[in-house]
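Residues per chain are reported as follows:
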Amino acid sequence: MAASPGPAGVGGAGAVYGSGSSGFALDSGLEIKTRSVEQTLLPLVSQITTLINHKDNTKKSDKTLQAIQRVGQAVNLAVGRFVKVGEAIANENWDLKEEINIACIEAKQAGETIAALTDITNLNYLESDGQITIFTDKTGVIKAARLLLSSVTKVLLLADRVVIKQIITSRNKRLTIYNLRHS
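Please read all numbers here as calculations on a predicted model, not as lab measurements.

## A short note on the overall build of the chain
And step 1. Tallying secondary structure elements over the chain gives 4 helices and 4 strands in all.
And step 2. Scanning the chain from its N terminus toward the C terminus, one meets helices and strands in the order β-β-α-β-α-α-β-α.
And step 3. For the chain, buried positions account for 35% of its 183 residues.
And step 4. Sequence-distant contacts, at least 24 apart, represent 73% of the contacts inside the chain between residues at least 6 apart.
And step 5. Carbon and sulfur atoms make up 56% of the accessible area of the chain, which amounts to about 10,800 Å² in all.

See the structure below:
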């Protein structure tokens, strides 16, 4: 498996070469921007924002609760797919394996926490007006979301390091071949 899977999770393949100010310089003036990390996180941030910004009233209709639960489940499923990709990258890159695996474990735990906190199957408080009264652990969702974003960002940055190493190795091989041919 390549170290830069595309849309399934890791944005390492979107590395850009240039001289912008948002990247970091490597030897020989090569610069890799981390815009791929930002672009990869946007859908996740959007889903988490939807979860956190639901109305704070304690009475919610069944339809609203189901929508919240679907978003929580979607986040958890996406994180599960992302973690599989991260673990595959870790297995191919022993020098970063421990760091990537730790970040993957954190991401998985955060995704599971979000799914559990948005699970409505444990709610049985139907009011006479058809509304369900709940006391959502919004603080818990926010903490889990922060952990999730932090751990996903770690995995993405580590995966970008893998891609950068591959680019440098490839460049060095080409330079060696070029030098051998022209000496």
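## A word on helix H3 (residues 97–117)
And step 1. Across its 21 residues, H3 extends 30 Å between first and last C-alpha, which sits within 8% of the 30 Å expected from 1.5 Å per residue.
And step 2. Taken together, the buried positions of H3 are Ile100, Ala103, Cys104, Ala107, Ala110, Gly111, Ile114 and Ala115. Along the long axis of H3, the arc covered by the buried residues comes to 135°, so they all point the same way. Within H3, the exposed residues directed more than 90 degrees away from the buried face are Glu98 and Ala116.

## Here's the deal with the pattern of salt bridges
And step 1. Tallying each qualifying case throughout the model produces 2 salt bridges.
And step 2. Across the pair Lys165 and Asp95 runs a salt bridge, and its minimum N-O distance is 2.5 Å. Remark: Asp95 occurs in the loop between helix H2 (62–92) and H3 and Lys165 occurs in helix H4 (residues 138–181); sequence separation between them is 70 residues.
And step 3. The class for Lys165 is partly exposed, based on a relative accessible area of 37%.
And step 4. Here Lys154 ties to Glu106 by a salt bridge, and the two come within 3.2 Å at their closest N and O atoms. Here Lys154, found in helix H4, pairs with Glu106, found in helix H3; they are 48 residues apart in sequence, far enough to count as distant.
And step 5. The partly exposed category is assigned to Lys154, whose relative accessible area is 38%.

## Considering the packing of H3 against H4
And step 1. Contact geometry of H3 with H4 gives a least axis separation of 8 Å together with a crossing angle of 150°. Relative to H4, the element H3 is oriented roughly antiparallel. In this structure, H3 crosses over H4, and the sense of that crossing is left-handed. Facing Glu99, Ile100, Ala103, Cys104, Glu106, Ala107, Ala110, Gly111, Thr113, Ile114 and Leu117 of H3, the residues of H4 in contact are Gly140, Val141, Ala144, Ala145, Leu147, Leu148, Ser151, Val152, Lys154, Val155, Leu158 and Arg161.
And step 2. Class assignment of the residues belonging to the contact of H3 with H4 gives a composition of 15 nonpolar, 4 polar and 4 charged.

## Structural notes on the nonpolar core
And step 1. Ranked by size, the top nonpolar core spans 31 residues in total, and within it Leu44, Val75, Ile100, Leu148 and Val152 carry the most contacts.
And step 2. Counting only elements with at least two residues in this core, the list comes to helix H1 (35–52), H2, H3 and H4.
And step 3. Counting residues per element, this core draws most heavily on H4, at 10 residues.
And step 4. Leaving out residues up to four positions away in the same chain, Ile100 has contacts with Gly86, Ile89, Ala90, Val155 and Leu158.

## Describing the side chain of Gln69
And step 1. Its location among the elements puts Gln69 in helix H2.
And step 2. Taking relative accessible area as the criterion, Gln69 reaches 12% and is therefore assigned buried.
And step 3. Among all residues touching Gln69, those that are not within four sequence positions of it are Thr118, Asp119, Ile120 and Thr121.

## Remarks on the packing of H2 against H4
Pairs of packed helices are described in terms of their axes, by the angle between the two and the distance that separates them.
And step 1. Running from N to C, H2 and H4 cross one another at 30°; their axes reach a closest spacing of 11 Å. As summarised for this structure, H2 and H4 are arranged roughly parallel, according to the angle between their axes. Two packed elements cross with a definite hand, and for H2 against H4 that hand is left-handed. Along its contact with H2, which presents Val75, Val79, Phe82, Gly86 and Ile89, the element H4 presents Leu148, Val152, Val155, Leu156, Ala159 and Val162.

Criteria and cut-off values
- Residues numbered from 1 in each chain as written.
- Predicted model: local features only at pLDDT ≥ 70, side-chain atom pairs only at ≥ 80, totals over all residues.
- Heavy atoms only, no water.
- Helix = DSSP H or I, 4+ residues; strand = E, 2+ residues; numbered from the N terminus.
- Buried < 20%, exposed > 50% of the residue type's maximum accessible area, 1.4 Å probe, protein only.
- Contact = heavy atoms within 4.5 Å.
- Areas by Shrake-Rupley, 256 points an atom, 1.4 Å probe, with all protein chains shown as cover.
- Expected span 1.5 Å × (residues − 1).
- Arc of directions from axis to C-beta.
- Salt bridge = Lys/Arg side-chain N within 4 Å of Asp/Glu carboxyl O.
- Axes fitted to C-alpha atoms, helices over the stretch in contact; angles between N-to-C directions.
- Parallel < 35°, antiparallel > 145°, perpendicular 65-115°, else oblique.
- Left-handed = near helix turned anticlockwise from the far one by under 90°.
- Nonpolar A, V, L, I, M, F, W, Y, C, P; charged D, E, K, R; others polar.
- Core = buried A, V, L, I, M, F, W, Y, C linked by side-chain atoms within 4.5 Å.

The values reported here are purely geometric and, on their own, carry no functional implication.
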